[in-house]
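# A look at the structure
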Amino acid sequence: LTSGWNYELVDGKVKAYCYNITKREMVWEKKGFTNDKDASKHAPIIIENNKVIFQSMRAIHCMDIASGELVWQHEFMPNSISMTPLLYYNGKLFSRMQGSEVYCYDAQSGQVLWSNVSIQAYPAPGGRMDAYQDKLYLTASPDDGYVYLYCVSINTGELLWQDKGPAGEIQGGLIIDQQTGYLYCNSDWSIMCIDLNKSPKKT
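Conventions we followed
- Residues numbered from 1 in each chain as written.
- Predicted model: local features only at pLDDT ≥ 70, side-chain atom pairs only at ≥ 80, totals over all residues.
- Heavy atoms only, no water.
- Core = buried A, V, L, I, M, F, W, Y, C linked by side-chain atoms within 4.5 Å.
- Buried < 20%, exposed > 50% of the residue type's maximum accessible area, 1.4 Å probe, protein only.
- Helix = DSSP H or I, 4+ residues; strand = E, 2+ residues; numbered from the N terminus.
- Contact = heavy atoms within 4.5 Å.
- Salt bridge = Lys/Arg side-chain N within 4 Å of Asp/Glu carboxyl O.
- Pairing = 2+ DSSP bridges.
- Axes fitted to C-alpha atoms, helices over the stretch in contact; angles between N-to-C directions.
- Phe/Tyr/Trp six-rings, centres within 6.5 Å; stacked < 30°, edge-to-face > 60°.

### Topic: the nonpolar core
- In terms of nonpolar packing, the biggest core is built from 17 residues, with Phe94, Trp114, Ile119, Leu136, Leu138 and Tyr150 touching the most fellow members.
- Put simply, the parts of the chain that give this core at least two residues each are strand S8 (87-89), strand S10 (102-106), strand S14 (135-141) and strand S15 (148-153).
- Not counting residues within four places of it along the chain, the set of residues in contact with leucine 136 comprises Leu87, Phe94, Val102, Trp114, Met129, Asp130, Ala131, Tyr150, Cys151, Val152 and Ile154.
- Counting residues in each nonpolar core, the second largest holds 15 residues, with Ala124, Cys151, Met192 and Ile194 among its members.

Below you can see the structure in the form of structure tokens.
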């Protein structure tokens, strides 16, 4: 995937390529599949059944790897997707909008399974989502100026709990060790580790 942005014209392009490393030849290239003042900085995601997913600022595109044919796409004009990278987990794809919405798709068909508008918080800068045992974890900032860790049901999109941590703010993104269930993130000037098997804390 390549992308360029012209700041004077406020316009950009995204191009997708498939290159056969073994034969050292181009299989296909798509230069006009997104034209709406678009740009991207994220690497493609390869999923089952020979499909690849591209994320841009305005859209999500799923293509057949062998042919380059478009399988499905979602365009979000005039809104845009946040800089948070897509998350692929157990056959589902998750995206975040510049506003508060979180979308869950069936990665194969592109069907929207749910969209969460109950969080009502903006994606935290540098944020990254992750998932564990059918729960989605992300960082976001509501109107109070703090950044919280949110836990959302993968099956329904329901907000299960939120917490801003012992230092009063969660910073940036997060990552989860799938073997232990430990979530790692930053909290103000410290690194935090949360045992998701014991979360939320019992009161």
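### Side note on the pattern of salt bridges
- Taken as a whole and judged by the stated rule, the model has 2 salt bridges.
- The closest approach of N and O atoms between glutamate 29 and lysine 31, which form a salt bridge, is 3.5 Å.
- In this structure, aspartate 130 engages arginine 128 in a salt bridge whose closest nitrogen and oxygen atoms are separated by 3.2 Å.
- By relative accessible area, which is 8% here, aspartate 130 ends up buried.
- By relative accessible area, arginine 128 is classed as partly exposed at 35%.

### Observations concerning the sheet that holds strand S7 (residues 70-75)
- Here we have 4 strands laid out as an open sheet, ordered S4-S5-S6-S7, and antiparallel in their pairing. Because the sheet does not close on itself, it has two edges, and the strands there are strand S4 (45-47) and S7. Neighbour-to-neighbour, the strand axes of this sheet turn through a mean angle of 15 degrees, independent of strand direction.
- Sheet analysis places S4 next to strand S5 (residues 51-55), joined by 3 bridges and oriented antiparallel. The partner of isoleucine 46 across the bridge, within S5, is valine 52.

### With respect to the side chain of threonine 139
- Along the chain, threonine 139 turns up in strand S14.
- For threonine 139, a relative accessible area of 0% gives the class buried.

### Re the packing of aromatic side chains
- Within the structure shown, the criterion is met by 5 aromatic pairs.
- Ring geometry for tryptophan 72 against tyrosine 105: centres 6.2 Å apart, planes inclined by 25 degrees, an arrangement best described as stacked. With tryptophan 72 in strand S7 and tyrosine 105 in strand S10, the pair connects residues that are 33 residues apart, well separated along the chain.
- We classify tryptophan 72 as buried; its relative accessible area is 7%.
- Relative accessible area serves as the criterion here: at 0%, tyrosine 105 is assigned to the buried category.
- Members of the aromatic cluster, each reached through a chain of ring pairs, are Trp72, Tyr103 and Tyr105.

### A closer look at the sheet that holds S8
- One open sheet accounts for 4 strands, arranged S8-S9-S10-S11; its pairing is antiparallel. Both outer strands of the open sheet, S8 and strand S11 (112-116), are each paired with one neighbouring strand and no more. Averaged over all adjacent pairs, the angle separating strand axes in this sheet is 20 degrees, with direction ignored.

### Here's the deal with unusual backbone geometry
- The phi torsion at arginine 24 lies on the positive side, around 55 degrees, for a residue other than glycine.
- By secondary structure assignment, the location of arginine 24 is in the loop between strand S2 (11-20) and strand S3 (25-30).
- You can call arginine 24 exposed: its relative accessible area is 69%.
- Unusually for a residue other than glycine, glutamine 133 sits at a positive phi of about 45 degrees.

Everything listed is a geometric property; what it means functionally is a separate question.
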